[in-house]
Structure formats: C-alpha cells, structure tokens
Amino acid sequence: MKREKSQNLFNKTLDIIPGGVNSPVRACKSVGEDPVFIDHAEGCMIYDVDGNSFIDYIGSWGPMILGHRHPSVIRALASALNRGTSFGAPTALETTLAKMVINAVPSIEMVRMVNSGTEAAMSAVRLARGCTGRDEIIKFDGCYHGHADTLLVEAGSGVATLGIPGSPGIPESIVRHTHSLPFNNIDSFQRLMDDMGDRIAAVIVEPVAGNMGLVPPVKGFLEILRKLTEQHGALLIFDEVMSGFRVAYGGAQSLYGINPDITCLGKIIGGGLPVGAYGGRKKIMEHIAPQGQIYQAGTLSGNPLAMAAGIETLLELKKPDFYKKINQKAKRLADGLKTAAEKKDIKVQVKSVGGMLCLFFSDKDVKNFDDAKNCDLDMFAAYYKGMLKKGIFLAPSQFEAIFISAAHKNEDIDKTIKAAEKVFETL
Ligand SMILES: *Cc1c(COP(=O)(O)O)cnc(C)c1O
C-alpha cells in the first residue's frame, strides 16, 4: 500500500502543527505508524490522499453513526448553508434539536448547547459546583471527559495512549479537588463517600466507559453511584458524549434504567459537526445564566449547521429497528473477531454494547483501567498495522472502541473478520 502523499503531508505538517495533528488521538505514534491523511469518505468507506480505501471503524470517533455523507444530512446542511452559517441570535433549529434531545433522554428536561464534549463536561461540573456550593469532584480512572483542567486526571483516550497521568499546566490547587477512583469498584466508592460524601459536588462517570477501550458497568456499579450521591446531596453526572444515541436512542441511562442529575452529550447529536450539550432537571438547569447566576456562553453555540446535521441524524435514528440492526452488526463483528482469534489461539476479551465494541488483547476479563493497561499493547500495535494494510481503518490505540455505522453492511463486516483472521495468523 503506497502512502507517499500522506507521508509528505505529515512531514510538512510536523513543522507547523504540534505532532502534525489537531488532536493527539490522530497521531499513530503508539502503534508505530504515521497518520493517514484523508481525502474524502462515503458510507462506511474512507479514502486517503494516495487513493487507498478503507472500511472505516473510527467514524470520526463516534459521531458518524449513519455513515459518511448520509443523503438527508447532506441535504439539511445544504439548506442551512443557504440561509447563513451563524447569526449570534437564536434560530428555530435550536428549539427543534433541544426538544428532540429532551424527548429522547429520560433525565433531561432542559438542555444547553455548546460546541464540544469538553465544554459540556466542564460546564456540567461548574453547574454542579455552583448548585451544591461544594468543590470536590469524583471521577473514575480511564474515563475521559474532555480536556478541562478539573477532569484531566487519570484520564482515558489519548492521555492513556500516551501513558501520561495528567498534564503539565494544570495547577495542583485545581486537581486537588478531583478524586479519581477505579471504575467498577463499588467498595472504594463507598469508602470515599463515607469519608467525604457531604463535601462532594458531583460524581462524573461514563456510564459505559468508551475511552479505555470499551468497559461496560458491572452490575450494581451505576446503582451505587445513584444511591450514594442522592444520600449525600451530591449530583450524579453521566458523561454520555460517546454513549448518548450510541448504545440506545436514550443513551446508557435508558439502557440501564438509572437517571443522572446532569447528562453531557456531544458527538452523535452534531451529526459530524462540532457540538456538545448538557442537560438535566429544570430545577438544576435553571441555575444557568441568563436564567440563573452560573455563567456559561458560546459565540457559535447552537450553530445552525450543527443543529441541522444533528436534527437530521436523530430523525434517522428514530426510524424503526435502527438500533436493532446496528446492534446486530456490532454483535456479528464482535463474535466474528472472537472466533477468529480463538482459532489462532490468541487470547482476547471482546466487549460490545449497542453499536460499539472493543477487542482487548488479554487473557483476563477487562473491568477497569488497570485491566486495560495490562493488555498486550505490542500485539495490538501489530494487529493495527496488519489491519490497516488490509484496508481496515481502526482507532490506533487499544484504549479506543470500534464504532459501527448504519452504512456497514454484513459483507463489510465479514470482510473485516476475514482480514483479522489473516492478521491473527501473523501475530
Ligand atoms: C469525546 C468525548 C469527550 C470530549 O468531547 P470533545 O468534543 O472531543 O471535546 C468527552 N467525554 C466523552 C465520554 C467523550 O467520549
């Protein structure tokens, strides 16, 4: 596979953009590769500047659940584009998407649009602190909530891939208020709440963790978070930037039947354009300016292009059996990869929830960040490289999930499984 043009572009860019990429996860350093520069994409296929084509399982890291260039999304974008790209004054599109989000997500009665998942999580924490008058935050190792100062502690995603615990530039006086606990560990959470529950403003969690690979919650974990936050007057924040509209139309909260106080959204609700949102009960959301005192703003928030793409995406997701079909495809890939690995005697753990899945190179179950870090990362790197050569575009890290879109057909999935079988032979 020739990748000359990608290579040239990367070399040129290294000098002018840090690491040659505008988000660290796009660098393929940890798997010993250089990034593939993309020319265009269509459906489940993505095409690089050298003319190579790949079956895409990154899906822009989650948003492209309909596949690339879905006709109705493109049509809605074209129509919005004709009216202007940003006004700094409200549009009907914002009302429409807000209503759709409220109807979809069980715990949301009122919602505020922002421009990224990072902003959503940062604002949710500010809201929780403002509402409760408390400073302390609990999060979980390996969960990623964007790169706001408060939340960049023992984080997943690119931070995990690079193997750094936090980040220089974040004052100790800020992260002192963030307590990070092992995911899925009920005892340690109970102990910390016993100790300081009445000082905790919020507990923030990815209800289905998707930034340390994919790690579903164990039975009772989300339940204990809900129970003890309520008991101690702390707020429970579900960061559903990834899981929202991905594991089910109503997100992980509808799947597991647990209602948080505040929910963060992003990715899918922007249909491939920059979006985030946070919402919750009216009583809580009314604290946000200009209705309340807690300040949060955004020049491009509720941008008409992003709203139009989001509305159209959600309309498609509401069609009968959308999730049934995408879940079946995810399961087909998960089962196929597992069988292929077992045939070649490679020890893997396969996790899947709704339209996302993950293949861990480990002989023991993966329930938390430590388990994920104990996977065979060298084997993952070899697998990644082999799959790329065979035209399969995976996230370049063991700590990321595989995203299925409605555009993946059974043939694409079977092709992927065949490629994996060949690659497993070489590991
Ligand atoms: C992607 C992600 C974020 C950050 O969203 P950005 O739009 O990249 O800022 C936050 N939380 C979770 C769970 C995510 O998956």
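Residues numbered from 1 in each chain as written. Predicted model: local features only at pLDDT ≥ 70, side-chain atom pairs only at ≥ 80, totals over all residues. Heavy atoms only, no water.

Peer 1: Can you help me understand the domain arrangement of the protein chain in this one?
Peer 2: You can read the domains of the protein chain as domain 1 (4-69 + 321-426) and domain 2 (71-317). On a C-alpha basis, the centroid separation for the pair domain 1 and domain 2 is 25 Å. At the junction of the two partners, domain 1 supplies 34 residues and domain 2 supplies 38 residues. Buried surface at the junction of domain 1 and domain 2, both sides included, amounts to about 2900 Å², of which 70% is carbon and sulfur. A per-residue breakdown of the area domain 1 buries against domain 2 is headed by Tyr-323, Val-353 and Phe-369, which together make up 23% of the total. Remark: the boundary between domain 1 and domain 2 carries zero salt bridges. Counting across the interface, domain 1 meets domain 2 through six residue pairs in polar contact (both at pLDDT 80 or more). Of all elements in the fold, only helix H12 (322-343), strand S11 (349-353), strand S12 (356-360) and helix H13 (369-373) reach the threshold of two or more residues within the side of domain 1 that touches domain 2. Counted by class, the side of domain 1 that touches domain 2 contains 22 nonpolar, eight polar and four charged residues. (Domains from an automatic or database assignment. Contact = heavy atoms within 4.5 Å. Buried area = accessible area lost by both parts, 1.4 Å probe. Salt bridge = Lys/Arg side-chain N within 4 Å of Asp/Glu carboxyl O. Polar contact = N/O pair within 3.5 Å; in protein donor to acceptor, adjacent residues only side chain to side chain. Helix = DSSP H or I, 4+ residues; strand = E, 2+ residues; numbered from the N terminus. Nonpolar A, V, L, I, M, F, W, Y, C, P; charged D, E, K, R; others polar.)

Peer 1: Looking at this structure, how should I read the sheet that holds strand S13 (residues 392-393)?
Peer 2: Strand order in the open sheet formed by four strands is S1-S2-S3-S13, and the pairing between neighbours is mixed. Each end of this open sheet is capped by a strand with a single partner; those strands are strand S1 (38-42) and S13. When strand S2 (residues 45-48) meets strand S3 (residues 53-56), the two strands line up antiparallel, connected through three bridges. Residue pairing for S3: Tyr-47 is matched across the bridge by Ser-53. (Pairing = 2+ DSSP bridges.)

Peer 1: Just checking my understanding: could you explain empty space enclosed by the protein for this structure?
Peer 2: If you roll a probe as big as a water molecule over the atoms, it shows you where there is empty space left. Evaluation of the coordinates by the stated rule reveals two cavities of 30 Å³ or more. Here the largest cavity is characterised by a volume of approximately 90 Å³. As for the largest cavity, its lining consists of Cys-358, Leu-359, Phe-380, Tyr-383, Leu-394, Ala-395, Ser-397, Gln-398, Glu-400, Ala-401 and Ile-402. Along the wall of the second largest cavity there are 14 residues; nearest its centre are Asp-56, Gly-59, Met-64, Ser-405 and His-408. The residue makeup of the lining of the second largest cavity, split by class, is five nonpolar, seven polar and two charged. (1 Å grid on protein atoms, 1.4 Å probe; cavity = no way out; pocket = protein on both sides within 12 Å on 5 of 7 lines; lining within 4 Å. Points joined across faces, edges and corners; volume = space filled by probe spheres on them.)

Peer 1: What is the right way to look at helix H7 (residues 186-196) in this model?
Peer 2: Within an α-helix, residues lying three or four positions from one another point in the same direction, as the helix has 3.6 residues per turn. Within H7, burial applies to Ser-188, Phe-189, Leu-192, Met-193 and Met-196. Here the buried residues of H7 occupy an arc of 130° about the axis, which is enough to place them on one side. Those residues of H7 that are exposed and aimed more than 90 degrees away from the buried face are Arg-191 and Asp-194. Residues of H7 that are buried in the fold lie against strand S5 (136-140), strand S6 (178-181), strand S7 (200-205) and helix H8 (221-232). For H7, the capping residue at the N-terminal end is Asn-185, with a side-chain oxygen 3.2 Å from the backbone nitrogen of Asp-187. (Buried < 20%, exposed > 50% of the residue type's maximum accessible area, 1.4 Å probe, protein only. Arc of directions from axis to C-beta.)

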